[in-house]
Structure formats: structure tokens, C-alpha cells
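Coordinates in review
Chain residues, written in single-letter form:
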There are 6 protein chains.
Amino acid sequence: MSTRKPSANLEKNSRVKAVFDDIRRVRKSAFINNMWHYIAFDEDLLERTWADVKRVMSEPSEIEPMTKELIYLAVSIANSCTYCVHSHTAAARSKGMSDKQYAELIKIVSLAARTNHIANGLQIPVDDVFDADKN
Amino acid sequence: MSTRKPSANLEKNSRVKAVFDDIRRVRKSAFINNMWHYIAFDEDLLERTWADVKRVMSEPSEIEPMTKELIYLAVSIANSCTYCVHSHTAAARSKGMSDKQYAELIKIVSLAARTNHIANGLQIPVDDVFDADKN
Amino acid sequence: MSTRKPSANLEKNSRVKAVFDDIRRVRKSAFINNMWHYIAFDEDLLERTWADVKRVMSEPSEIEPMTKELIYLAVSIANSCTYCVHSHTAAARSKGMSDKQYAELIKIVSLAARTNHIANGLQIPVDDVFDADKN
Amino acid sequence: MSTRKPSANLEKNSRVKAVFDDIRRVRKSAFINNMWHYIAFDEDLLERTWADVKRVMSEPSEIEPMTKELIYLAVSIANSCTYCVHSHTAAARSKGMSDKQYAELIKIVSLAARTNHIANGLQIPVDDVFDADKN
Amino acid sequence: MSTRKPSANLEKNSRVKAVFDDIRRVRKSAFINNMWHYIAFDEDLLERTWADVKRVMSEPSEIEPMTKELIYLAVSIANSCTYCVHSHTAAARSKGMSDKQYAELIKIVSLAARTNHIANGLQIPVDDVFDADKN
Amino acid sequence: MSTRKPSANLEKNSRVKAVFDDIRRVRKSAFINNMWHYIAFDEDLLERTWADVKRVMSEPSEIEPMTKELIYLAVSIANSCTYCVHSHTAAARSKGMSDKQYAELIKIVSLAARTNHIANGLQIPVDDVFDADKN
């Protein structure tokens, strides 16, 4: 299904190995999911993507880890990214998402989609009170 | 900018008035934002949209009120809904979103968009471990 | 709001004039909406876009003219095209869309968006019976 | 391919059974497609989704049943929902869509996508005559 | 996975055969990819789609052939079109795209997605200097 | 139109000033477009976004500067990002895009959108020859 198959023995490349080792360390797991294998053909793409994911998703922040995953998952659903929906559903679960919370997430995402299409359909004008440039 | 201007004196219609009153009651505010004015030309559309928003966003749940708004906002950004981005940014703030959390939300949403496009670009196959039908 | 302003006196160009005249003839109206003015800087873009719109939307077909506009409008809402939402709402009305039908269209489009996000969120597998390649 | 496998014997749950029975009654068919199996893990999600689909798609209305399915299908194509494209192509056929009408639908949807991208690319301003707030 | 299986012996139809022969001639290859087989059930859809692809992608132009494919691929990624991502990645390679250029394309596309979501999230107003209607 | 107005005197903040100075240096222009003003409320968001844009768009690469802008613009059109369409149309022009090339870009982008919707509509299966995992 992919457009470019990963090489065998990716970790013979020291830059790739360094990133994979850091992923294992940060995630406390030996498992490296496909995303990282498939982008490893370009070390720069691998290093920078991981640096960004690590910083935004793993560093101390004022949004809870599970909440971050719910937001990530919501965007991935709206953008129709099959791979990301799967990997971030798994991530949200690993950070504590219950079945009940999962059902709620699906309800919020699908409600948002519903009102997004209503507002775009009617081209509802933004209330002045919401427009920062007018306040 | 809209495709259909709301009538004046919408609340002369008793079904519209009942919904507007309920919005005011639930939100503890006299303000009714444009969304509800613009969909009030069809009472059924108004009643059912509000019933759904009220249920999903205001009833007791296992996701925090502010988190719900962050998820809603994330979907609205991904779906390019100008109206919804404005109204749910305001809603998230009213439920406590700080500037720092807002900046984080933008970082998570834009990171998700970035990896969504990477995964869709390379058509990365879903890891077997993520696929519920294989487990 | 545009990225390229139309020249004045576009109809001095005979290829542009020919298209504009044909639009007026087919639509039985002197009015030429902005779309055609803004793409007229490239005659080929103008001619081919109009040829396609004319053929698909105006030639005899097995789908009713108003239904065609409803489909066109539905896609334009889902693709967040402000200009197209406005122009095709107007077109649907000129072909007979009532306020009640308009409200129904909005309900169908927003329901579809809702279930689209549910199905993409859960990555629901396609039933074998729907898959033409298996039948 | 899914993120959550349905339990076996879903209909042992009386709320699930009630919805499934209603689907069979309304659709006059014993077949329950995957959508309903996969969302049945949360009875509320199941009940409310079905209530909305039933009301919008099956109740008396001023848009023809097949036309409703064409609109639903158009949105599902634009939103890249594989599951929904399949299920609503099947539904449109069951309501009478011929191969010729199907080809026309594809032409209208793809023409709309084409002009959506032209208008968004050039950021064509909305004609005053289309803007309800100016009239 | 498709919604309509192609007939066997499509080329017995002379209109289909004429298009397939032209595809082979223009592309200098005997291979006809699935796209053309699956749309051949409607000769008009086949002929017009090919005419448009041939004209835009194969005729002399002021944008390089490989660049055209990169643009096509970028849109297909953003629109989540699995089939098109695959076929246009192959096309870009056949026109010379190296692995390094492919990695760069993925970086540009995903960076654009990132800033698209930032700008849509903050609803950043367009600078006057960019707006052609103000200049 | 924005959700958060930039402070006055942003450059009193030394981290903001450093980024703005670098933008001016790299772009050889005193002009700082709105994007950077509006994201400057969070220094980290500003610094990292600029670092990424600078690296991908300005560093030596195997894709031409104007081509990069065409790809960026194509994605921005498909993602319906008004701000980005405007700013990257301007950027493409500043790197040499002629009116004729602009018209071609619009034709390629809109053709891609057209075939994206055809392929998604028919759910055309990927040819084995395109699937790297099968080769």
C-alpha cells in the first residue's frame, strides 16, 4: 500500500539508529511503528519529524497527555488520515482513554463536522464579539 | 456574507423562542450568537441542532468541558470552518483556555496536519498491532 | 480579496467576448458573475471551464437541473468553497429550490458530514456486499 | 482495518436489539451493514445516529429519496469517506440510480471539485447579488 | 474495493479502444492503469477525462513535466486520494523525481499543511499588500 | 477577522525581534507579513515555525525556489487556507511566476481535484505495479 518500501536493516545507518533509540527511550517501549520506518529513507525528514513530535507531544505542557492525543486524533479524523487515526487511537488508549471517552470523542468530532457543514453551507457571518480585530 | 438573511423578530415564533430561551438558560447568558439566528428559518433544523449541541457539549460526561471545546475547535480548524473556529475559540476561552494552552493547541493541530500529510503522502501501511480486526 | 484583479474591458478580447456571449445565451441573462471575469485573464482557462460547466450542467441529462445544483452545492460546502457555495445556492434557487428544500439539503449535508467523521474515526471496514471487486 | 472490533452477540443487549430491529423494519431487509455493528459499543451513539439517519433519510420530505442519496454520496466523496462512499453508492442504486445517472453524478461532483479549486485558488470575491446580508 | 467493476473486453467498444490507444501513444507504453478501466463504463466520462489530462499534463507548457507531477501529487495528498497519490508518485518518478526530491516534496507539502492549519486556526487576516482588489 | 490580536510593539520582546530580524535578512525585505505578527504571542510557536519555513523554503535544495512555492500554493488551495493562498501566490510571483504559469498552476490543481474526486468516488483500486509493498 505504500509508495516507497523501507530498506532492510535501517538501523545500520547511525542517524536512523539514534532516532529509533530516542523513540524507544522516550516511549519506554522497544516497538517502533511503521511511520518511522517509512520516513527513514531521508534522515533529515526522520530527525525533524521526530524532534517535532517529541517536543509537542512529550515535553511538559499545560495540556494533559491524553487530551493532546484526543486533539491529535480529532484532526487526523477530519483530515482522513487512516494511518494517523490508527496510531493516535492506540496512543490515546495507552494514555488512559476509556471506551466511554472514546465514544464521547467520536460524538464531539462528528457533531463538530455537522455544525461545520451547517455554518459553511449558510456562510454564517462571524459575530462582531468574536472578532479580535474589532475589539 | 450569508446565503439567507434571518427574519427580524425571530422570537415571535414560539418554537424559535423556546430554543433561544433554553440556550440562554443553559449558557447562563442573554447573548445568542449568529449560528442560531441563521438556522432559525427552519424550526426543525434549529431544534435538532441545539438538542445535539446541548447534549454533547453540556451534559455530564467523562471529558472535561474545556477539553471538549479544544476537540471541537481542532476539527473546525481542520475543516476550514471560519465561523466555528471563531465561536469555539471563544467558547474554549470562556471555559478557561489560557493563551499558553491556546498556543499549545495550535501546535498540536498543526503538528497533526503535518504528519497527516506525511502519512497520506507515503501511504504508510497501518501496523498490524493497531488493527482491531486482526487482534 | 482576490489574487488577481480582472482587467477592465475584458470583452474587447474576442475570445472572452465569445464566451461571455455564450454564457448570456445559455443562461438567458445579461449578468455575468465574478467567476468568469476573474478567470478571463487566460482565455484557455475561461473557454475550457465554461465548456465543461455548460456541458455538465446545461445539456439534456437524466438528472433534474435542480438536483444537479443540489449536488454541486453539497460538494462546494464540503470543500469549503465560499464563492461556489454562494453562486450555487443562487443557482439552485433559480431552478426552484424552496426554503424547505434548502433546509433539507443542509440537514442531509450535515448528517453526511457527521457519519463521514464517525466512519473515518472508527475506520469501519467496507461490507463485502458493497465491494464490486468481490462480486 | 477498524480501531475497535464489535463484540459478538451484540443483539443480546436490548437497546442494540431495538435499534437493529428498527433498521430492519424501516429498510425492509434483514441485512445490517457494518456501520451499525461498529458503533454499537456505545448504545447512545448507536441510538442517536440511527435516529438522525432515519429522520433525515426516511421520513416524508420535499426531496426525492434517490436525490437524497446522491447528495449524501457527493458529500462523502468530497470528505474522502471510503465506507460512506460504498454504503451510499449501494443505497443510491437501491433507490433507482442507473449507471448513466451514476456517471453523471461523478461528472457533477468532479466538476464542482474543479471549480471549487479554481475559485479558492484565485480567491474570487462573492458577487454582491449573491450576498444575502447586502440585500 | 471499487464501487463498480469494469467489464471484461473493454476494448471491444470502439470509443474505449480509441482512448486507450491514444493513452498508449502519448505515454509510449502499453500499460493502461486502473483509472481508465474503471471510468470506461461511460464513454463520455472516459473521453473527456482523458482529453483534459492529456491537454494539461502532456501538451507544451511553461511548467516542466516533472514539476507538473509534483503539483498534481501535492493536491492529491491534501485531498486524501489514495489512488491518485500512488499513480502520480509513479508518474513523478518516471519523469525524473529522485528520492531526495521526493523527500523534499513531502517536507514542503507537510510544512504547508502545518502553516495552513496555523493560519486557519488563528484566522490571520490577509495583508492589504496581497489583496489584488485593494491594489 | 482574527481570533487574537497581536500586541503593539512586538519587537520590544527580544526573542520576537530576533526572529523578525532574521526574516528580514533572509528575505532581503523590511516587510513582515501578518503571519509572523499573529503567531508572535507565543515565542516558541514563532521561533519554531520560522525555523521550519526557513529551512524548507530557503535552504539549498534540489527543487527550484519557484517550484517550491507552486507546491506550497497547491496544498494551500486544496486545504482552503485563504491566508496561505494569498501569501504564497505573492511569494511565487516574487520568485518569477508569470501570468501564464499561474494559469497553468490553476489548471493543474483543478484537474487534480477533478480526478481526485473521480477516483475517490469510484474507489478505484491501486494498480499492483504502483504498490511498493508488493514489489
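Residues numbered from 1 in each chain as written. Chains lettered and ligands numbered in written order. Predicted model: local features only at pLDDT ≥ 70, side-chain atom pairs only at ≥ 80, totals over all residues. Heavy atoms only, no water.

This part covers the overall build of chain A. Helices and strands together make up the secondary structure of chain A, namely six helices and zero strands. N-terminal to C-terminal, the α/β element order of chain A is α-α-α-α-α-α. For 135 residues, the compact-globule estimate of 2.2 N^0.38 gives 14 Å, and chain A exceeds it by more than 25% at 19 Å. C-alpha atoms of chain A, sized along the principal axes, occupy 55 × 35 × 30 Å. Expressed as a percentage of the 135 residues in chain A, the buried residues total 63%. Accessible surface, chain A: about 5,100 Å² in total, of which carbon and sulfur atoms supply 51%. Each charge class in chain A was averaged separately, 19 positive and 18 negative side chains, and the resulting centres sit 9 Å apart. (Helix = DSSP H or I, 4+ residues; strand = E, 2+ residues; numbered from the N terminus. Rg over C-alpha atoms; globule rule 2.2 N^0.38 Å. Buried < 20%, exposed > 50% of the residue type's maximum accessible area, 1.4 Å probe, protein only. Areas by Shrake-Rupley, 256 points an atom, 1.4 Å probe, with all protein chains shown as cover. Lys, Arg positive; Asp, Glu negative; His and termini not counted. Charge placed at Lys NZ, Arg CZ, Asp CG, Glu CD.)

Moving on to the interface of chain F and chain E. Frequently, the measure chosen for interface size is the accessible area removed from exposure when the parts meet. Opposite the 65 residues of chain F that make contact, chain E presents 65 residues. Both faces considered, chain F and chain E share a buried interface measuring about 6,000 Å² in area, 70% of it formed by carbon and sulfur atoms. For chain F, the biggest contributors to the area lost against chain E are F:Ile108, F:Leu122 and F:Phe130; these three give 11% of the whole. At the surface where chain F touches chain E, the tally comes to four salt bridges. Residues E:Lys68 and F:Glu104 are paired through a salt bridge, measuring 3.9 Å at the closest nitrogen-oxygen approach. (Contact = heavy atoms within 4.5 Å. Buried area = accessible area lost by both parts, 1.4 Å probe. Salt bridge = Lys/Arg side-chain N within 4 Å of Asp/Glu carboxyl O.)

Between chain F and chain A, the superposition needs a rotation of 180° and an axial shift of 0.0 Å, giving an RMSD of 0.0 Å. Such values leave the two copies arranged in the relation of a two-fold axis. In this assembly the copies share their binding face: 100% of the residues contributing to the interface of chain F also contribute to that of chain A. (Least-squares fit on C-alpha atoms with pLDDT ≥ 70 in both.)

Looking now at the nonpolar core. Ranked by internal contacts, the top residues of the largest apolar core, which has 287 residues, are A:Trp36, B:Trp36, C:Trp36, D:Trp36, E:Trp36 and F:Trp36. In this structure C:Trp36 touches C:Phe20, C:Ile23, C:Arg27, C:Leu46, C:Thr49, C:Trp50 and C:Val53, once residues within four positions along its chain are discounted. (Core = buried A, V, L, I, M, F, W, Y, C linked by side-chain atoms within 4.5 Å.)

What follows covers the domain arrangement of chain A. Residues and elements named next belong to chain A. In terms of domains, chain A is made up of domain 1 (9–59) and domain 2 (62–123). Using C-alpha coordinates to define each centre, domain 1 is positioned 24 Å away from domain 2. On the side of domain 2, five residues touch domain 1, which itself brings six residues to the contact. Surface buried jointly by domain 1 and domain 2 totals about 500 Å² across both partners, of which 57% is contributed by carbon and sulfur atoms. Among the residues domain 1 hides against domain 2, the three largest losses belong to Asn33, Met35 and Met57. Together they make up 75% of the total. For the pair domain 1 and domain 2, the number of links is zero salt bridges. One can count five residue pairs in polar contact (both at pLDDT 80 or more) joining domain 1 with domain 2. Where the side of domain 1 that touches domain 2 is concerned, the elements lending two or more residues are helix H2 (34–39) and helix H3 (43–58). Along the lines of polarity and charge, the residues of the side of domain 1 that touches domain 2 split into three nonpolar, two polar and one charged. (Domains from an automatic or database assignment. Polar contact = N/O pair within 3.5 Å; in protein donor to acceptor, adjacent residues only side chain to side chain. Nonpolar A, V, L, I, M, F, W, Y, C, P; charged D, E, K, R; others polar.)

The next subject is the pattern of salt bridges. Residues and elements named next belong to chain E. All chains considered together, the criterion is met by 96 salt bridges over all chains. Among the ionic pairs, Arg24 bridges to Asp21, the shortest N-O distance being 3.2 Å. Here the residue Arg24 and the residue Asp21 both occupy positions in helix H1 (residues 14–27), the gap between them amounting to three residues, near one helical turn. Exposure remark for Asp21: the relative accessible area of 33% places this residue in the partly exposed category. Its salt-bridge partner being Arg55, residue Asp52 comes within 2.2 Å of it at the nearest N-O pair.

Bringing the interface of chain F and chain A into the picture now. Opposite the 13 residues of chain F that make contact, chain A presents 13 residues. For the pair chain F and chain A, the summed buried surface comes to about 1,200 Å²; carbon and sulfur atoms form 37% of the total. Grouping the constituent residues of the side of chain F that touches chain A by class yields four nonpolar, three polar and six charged.

Moving on to H1(E). Residue and element names in this part refer to chain E. Counted at 1.5 Å a residue, the expected span for H1 with its 14 residues is 20 Å, and the 20 Å between its end C-alpha atoms agrees. All of the buried residues in H1 are Val16, Val19, Phe20, Asp22 and Ile23. The buried residues of H1 occupy an angular sector of 160° when projected down its axis, which confines them to one face. Of the residues in H1, the exposed ones pointing more than 90 degrees away from the buried face are Ser14 and Arg25. Buried residues along H1 sit in contact with helix H2 (34–39) and helix H3 (43–58). Its side-chain oxygen 2.9 Å from the backbone nitrogen of Arg15, Asn13 forms the N-cap of H1. Immediately downstream of H1, the backbone of Lys28 shows phi near 50°, a positive value. (Expected span 1.5 Å × (residues − 1). Arc of directions from axis to C-beta.)

Taken as a whole and assessed by the stated rule, the structure comprises 24 aromatic pairs over all chains. Where D:Trp36 meets D:Trp50, the ring centres are 5.5 Å apart and the plane angle is 85°; that geometry is what we call edge-to-face. Pair noted here: D:Trp36 is in helix H2 (residues 34–39) and D:Trp50 is in helix H3 (residues 43–58), with a separation of 14 residues, a long-range link. As far as burial versus exposure is concerned, D:Trp36 and D:Trp50 are alike and both buried. For the pair E:Tyr83 and F:Phe130, a centre-to-centre distance of 6.5 Å together with 70° between the ring planes defines the contact as edge-to-face. Here E:Tyr83, found in helix H5 (residues 82–94), pairs with F:Phe130, found in the segment after helix H6 (99–122), and the two come from separate chains. Residue class for F:Phe130 comes out buried when judged on its relative accessible area of 14%. Ring pairs connect the aromatic residues A:Phe31, A:Tyr83 and B:Phe130, which therefore count as one cluster. Between the NZ or CZ atom of E:Arg93 and the centre of the ring of E:Tyr102, over which it lies, the distance is 5.2 Å. (Phe/Tyr/Trp six-rings, centres within 6.5 Å; stacked < 30°, edge-to-face > 60°. Lys NZ or Arg CZ within 6 Å of the ring centre and 35° of its normal.)

Further remarks concern the confidence of the model for chain A. Considering every residue of chain A, the mean pLDDT works out to 97; 100% of them sit at 70 or more. With pTM at 0.98, the complex prediction returns an ipTM value of 0.97. (pLDDT = per-residue confidence, 0-100.)

The next point concerns the state of the cysteines. All names here are of chain A. This structure, assessed with the given rule, holds six disulfides over all chains. Put simply, Cys81 and Cys84 are joined by a disulfide, and their sulfur atoms are 2.4 Å apart. With the S-S bond torsion at 50°, the cross-link from Cys81 to Cys84 turns out right-handed. Of the two residues, Cys81 and Cys84, both sit in the buried class. (Disulfide = S-S within 2.5 Å.)

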